[in-house]
Amino acid sequence: MNPILKLARPDILSLQPYQHAAWEPTLERMHANEMPWRADGDRSGAGLNRYPEPQPDALIEHLAKLYGVAAKNVIAGRGSDEGIDLLVRAFCRAGVDDVLICPPTFGMYKVSARIQGAGVIEVPLIKERGFALDTESVLAAWRETVKLVFVCTPNNPTGNLLDRASVERLCKELSDKALVVVDEAYIEFAGVPSMAAQLERFPNLVILRTLSKAYALAGARCGALIAHEDIVSLLARVITPYALPTHTIDAVLEFTNDAHVAESKQRIDLILCERARLIERLAPLPLIKKVWSSDANFILVDCNDADAVLRAALAAGLIIRDPRSQLGLGDSLRISIGTPEQNDRLVRGVARASGVAA
Ligand SMILES: *Cc1c(COP(=O)(O)O)cnc(C)c1O
């Protein structure tokens, strides 16, 4: 057994999980209290009258191949948000344990922790060094109650990759002390390999991947959590039964086939061109103070007047993200890279509001 499991909640380790209706596709189903007929017009593969396969073999095999790992190392859920939630619920005792996060970062880590009643320890990224990971401070902040350390690379909302060696150092130093959860939601835009290849080296490493961003499937709600098989088995006891809807399973298998992987690569290339173009055109505008470099499909901009930039975007029919309540982002806005036409429209709007021509 992976010794890291000793960090899990004892009541989860000893939990008798819900017994699904057995998945026996060779037999006709009279064991799950389903209707024996489809709804009129139901053209789904398996029939929506049937409960789906809990962790569908075909889907798990497919995701494992997509992410270059073994099927036993994958659990799929409704977005990587569900992966975050499962980890917090399985590892953090309410009112006792903590998660450690590095703000400014993705908001769900804190929300999931709060819902579970876990504490949140914050070790800020170092803004002066381009929002770099403060490895020493993370290690210094660790204490017995910290079960999960979340790092996001490329980080949302700052857009930068974290230094790989620093993340590996965290995994190593915390190998029997905490899970290191590496959220790679935007890794496809960064042109660097996933940490997944390091799974063998670090029994405490957990990787989150999502189909929501690079594969254009945010509405399908599917993400993968990649980890040592014992962690995967533990989380499989906690996940809601039949977590993945039939439509989600069908959509993922269809829209991440070879043709769609090629489509995704092409579109990523276009996004990267547009990202460079948007940065180049926004940077000189008087309302913009600084455009941070980005390894993702969005950019963080510091503004001289963020309210004016937000208003200019709205006037152009565009909504951009206001992360100003986050640590260190008092005058920042986050902009997702759009189509060339949308990016042009945004630049023109901000230029006009700046009183210059674009
Ligand atoms: C968008 C995002 C996710 C969420 O992905 P879902 O799979 O849609 O739940 C996870 N992490 C980060 C950092 C994100 O920005």
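Since the model is a prediction, treat every value here as computed from it, not as a measurement. (Residues numbered from 1 in each chain as written. Predicted model: local features only at pLDDT ≥ 70, side-chain atom pairs only at ≥ 80, totals over all residues. Heavy atoms only, no water.)

Enquirer: Can you tell me about empty space enclosed by the protein, naming the residues and giving the values?
Expert: According to the stated counting rule, one finds two cavities of 30 Å³ or more in the structure shown. Space inside the largest cavity adds up to approximately 40 Å³. Taken together, I75, A76, G77, G79, S80, G83, L86, G223, A224 and L225 form the lining of the largest cavity. Elements supplying a minimum of two residues to the lining of the largest cavity: β1 (74-77), α3 (79-91) and β7 (223-227). Residues that form the lining of the largest cavity fall into these classes: five nonpolar, five polar and no charged. Here the second largest cavity defines a volume of roughly 30 Å³. C102, T105, L125, F150, V151, C152, N155 and L162 are the residues that line the second largest cavity. (1 Å grid on protein atoms, 1.4 Å probe; cavity = no way out; pocket = protein on both sides within 12 Å on 5 of 7 lines; lining within 4 Å. Points joined across faces, edges and corners; volume = space filled by probe spheres on them. Helix = DSSP H or I, 4+ residues; strand = E, 2+ residues; numbered from the N terminus. Nonpolar A, V, L, I, M, F, W, Y, C, P; charged D, E, K, R; others polar.)

Enquirer: With reference to specific residues and values, describe the packing of aromatic side chains.
Expert: Here the structure, examined in full by the defined rule, presents five aromatic pairs. A centroid spacing of 5.0 Å and a plane angle of 75° characterise the contact between Y186 and F298, whose relative ring orientation is edge-to-face. Of this pair, Y186 sits in the loop between β5 (179-183) and β6 (205-210) while F298 is found in strand β9 (residues 298-303), placing the two residues 112 residues apart along the sequence. Under the relative-accessibility criterion, F298 is labelled buried at 2%. By way of ring pairs, the aromatic residues F106, Y109 and F150 are connected into one cluster. It is K177 that lies over the ring of W142; its NZ or CZ is 5.7 Å from the centre. It is R334 that lies over the ring of F298; its NZ or CZ is 5.6 Å from the centre. (Phe/Tyr/Trp six-rings, centres within 6.5 Å; stacked < 30°, edge-to-face > 60°. Buried < 20%, exposed > 50% of the residue type's maximum accessible area, 1.4 Å probe, protein only. Lys NZ or Arg CZ within 6 Å of the ring centre and 35° of its normal.)

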